[in-house]
Amino acid sequence: GEISCALEEQLSFALRPAFKNYYELVTVSALDREERAQHTVVVTAADAGSPPLSSSHTFSVDISDVNDNAPVFNQTSYTMYVHENNAAALLVGAVKATDADAGPNGKVSYSVVPARAAEEEPCSCVSVQSESGGVFVLRPLDYEQLRQLEVVVSAADAGSPALSSSVSVRLLVVDENDNAPLVLHPGAQDGSPPSSELVPAGAAAGDLVSKVVAVDADSGQNSWLSYQLLRATEPGLFAVGAQSGEVRLRRPPSERDAAKQKLVVLVRDNGRPPLSATAALSVLLVPGSGDAPLPRQSPAAGDDDGSLTTSLIIALVFVSLLFLLSAAAFVACKVCKRKELSGGPVLYGPSSVQSYVADGAAAGTLPHAYCYEVSLTTGSGNSEFKFLKPVLPSLPAQHCSAGEREDHAEEFPPVPMIMGDAAFETPEMRSVGQLNGF
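Nothing here was measured: the structure is a model prediction, and the numbers come from that model.

What counts as what
- Residues numbered from 1 in each chain as written.
- Predicted model: local features only at pLDDT ≥ 70, side-chain atom pairs only at ≥ 80, totals over all residues.
- Heavy atoms only, no water.
- UniProt positions renumbered as here; feature names shortened; annotations may be inferred.
- Helix = DSSP H or I, 4+ residues; strand = E, 2+ residues; numbered from the N terminus.
- Pairing = 2+ DSSP bridges.
- Axes fitted to C-alpha atoms, helices over the stretch in contact; angles between N-to-C directions.
- Phe/Tyr/Trp six-rings, centres within 6.5 Å; stacked < 30°, edge-to-face > 60°.
- Buried < 20%, exposed > 50% of the residue type's maximum accessible area, 1.4 Å probe, protein only.

Caption draft 1: Structural detail: the UniProt feature "transmembrane region" (unreviewed entry) in the protein chain. The residues that UniProt annotates with the feature "transmembrane region" (unreviewed entry) are residues 312–333. The span residues 312–333 shows a helical share of 100% and a strand share of 0%, and its end C-alpha atoms are spaced 32 Å apart.

Caption draft 2: Layout of the sheet that holds strand S13 (residues 148–157). Spatially, S7-S14-S13-S10 is the arrangement adopted by the four strands of the open sheet, whose pairing is mixed. This sheet does not close on itself; its edge strands, each paired only once, are strand S7 (77–83) and strand S10 (108–113). Across the sheet, the mean angle separating the axes of adjacent strands is 30° when strand polarity is ignored. In the sheet, S10 pairs with S13 via six bridges, with the strands oriented antiparallel. The partner of Tyr110 across the bridge, within S13, is Ala155.

Caption draft 3: The packing of aromatic side chains, seen in detail. Overall, the coordinates contain two aromatic pairs when judged by the stated rule. With a centroid separation of 6.5 Å and an interplanar angle of 75°, the aromatic rings of Phe73 and Tyr78 are classed as edge-to-face. Residue Phe73 shares its accessibility class with Tyr78, and that shared class is buried. Pairing Phe73 with Tyr110 gives two aromatic rings, centres 6.4 Å apart and planes at 50°, and the pair type is tilted. Here Tyr110 lies in strand S10 and Phe73 lies in strand S6 (residues 72–73), a separation of 37 residues in the sequence. A single burial state applies to Phe73 and to Tyr110, both of which are buried. Every member of this aromatic cluster is reached through a ring pair, and the members are Phe73, Tyr78 and Tyr110.

Following this line, the structure appears as structure tokens:
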């Protein structure tokens, strides 16, 4: 009467005795519905007789789903393209995510989220359809203002709690040829007509007359510019560089050409369809025999540099002349002062005074306006003038104080000599030779 049970498959399940002939079917390992959603279990019961008898029963075990899988995108990132000036609510692509769970746990919905946590709102110009994952551009874009943008799309399931994942979507704006070339030179500013270019009569073929400068706000081949001469007073006189925009002479100007030439240059981009603009030039042919040809290269500021150099040289010469004149005036003042000092009163030494007195005595007269006092010493043999003082003509003649010698030797009393118109002689007065002998 004893019964034993056995399983044909013992991978995930097992029988555990409960009470007498009762057994429990239990799991022995974790079950994953995403790997195997249903298991078939066969239980066999056999007795202990001889021969033993048995019977079997098959059980079907279904694994229920739990939300243990987040949605997974089929790409790690997405790159989409949109042409500028697009229509509103334009579909530019789609994102796709799958969830391995079943039922609500595997239902995915999409949304645009901020690219960074610090941002409060996502980009307002891009939207994603919540069920299909389609990406839409809500408003027209301008390539010249916005060339690319990046948004983050999130995919979340409907489980509890919900699981989600995100992916980066990069949207590139494709340039369209929507900007015509803009002519920078020559161009009328403030409504005034453009200035005229001068061409001398002696200009040669190939000389540069002017240059048309233009820009295009587009990019790529849409911004490639070409130039051509559209109209001209003398079409055979000028040529325009197709890539450079330089206007040059095709031949030397002649007297038969009109003095005032008008040119119209067409500037065209390489877009599809191409856009264009025109530049008007005015050229004046200067009569006469000009010896200096126009420069063959692009115009430079040589004239301005030459005038600046000339001004600097003139200023340097002026400063140098001013310095030399100042130095000459200073030297002349010094020389004049020295001459004035040398022409003033001079204090004569003893030898010069002696010769002057001797000359006066030999002539018999001395100037009456001066008084001289001579001190003589005994035994010295030399004469010395101690003091020389002018006497004003309006005052009476005064005697000057006698000088003293440093050696305190015995001196003769001073002998005053007043020079007048008549000759005089005193006993103390000696001849000129005697004075010189002293």
